[in-house]
Amino acid sequence: MDKFTFENVESAQGAVVKVAGQDGEVELEVSTVDRTKLNGEQWDAFRVILKGKADEPLEQGTYRLTHDSFGEAELFLSPNNETEYEIYITTQK
């Protein structure tokens, strides 16, 4: 997860990431990457919004995401609806 930083993920905005799901691999588009209120001197904090297809829904849980900009990362995804997911990252600086 060392490479899953704001800068690396932001560079993947608009790109497709591979997500290892319960029923095989699906592709999600990195729709939005933005800083959260907690971001500052002590914390690196950001949110990632991913878009998928309605016929390939994912349940809330931990998944392996893969993209050239950040390699592989095991992350917790929360669905907002049947096609949108979000990830929150907060790490101490």
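Above: the structure in question.
Let me sum up the structure you'll find in this document. Predicted model only: the values in this text are computed from it and were never measured. (Residues numbered from 1 in each chain as written. Predicted model: local features only at pLDDT ≥ 70, side-chain atom pairs only at ≥ 80, totals over all residues. Heavy atoms only, no water.)

What the six strands build is a closed barrel, ordered E1-E2-E3-E6-E5-E4; its pairing is antiparallel. Ignoring strand direction, the axes of neighbouring strands in this sheet form an average angle of 45°. Across seven bridges, strand E4 (residues 61-67) lies against strand E5 (residues 71-79) in antiparallel orientation. Bridge pairing in E5 links arginine 64 to glutamate 74. (Pairing = 2+ DSSP bridges. Helix = DSSP H or I, 4+ residues; strand = E, 2+ residues; numbered from the N terminus. Axes fitted to C-alpha atoms, helices over the stretch in contact; angles between N-to-C directions.)

Here the focus is the pairing of E5. Hairpin connection from E4 to E5: three residues lie between these consecutive antiparallel strands. As paired elements, E5 and strand E6 (residues 84-92) share two bridges and run antiparallel to each other. From the neighbouring strand, serine 78 faces E6, where its bridge partner is glutamate 86. If you look at the hairpin formed by E5 and E6, you'll find four residues sitting between the two strands.

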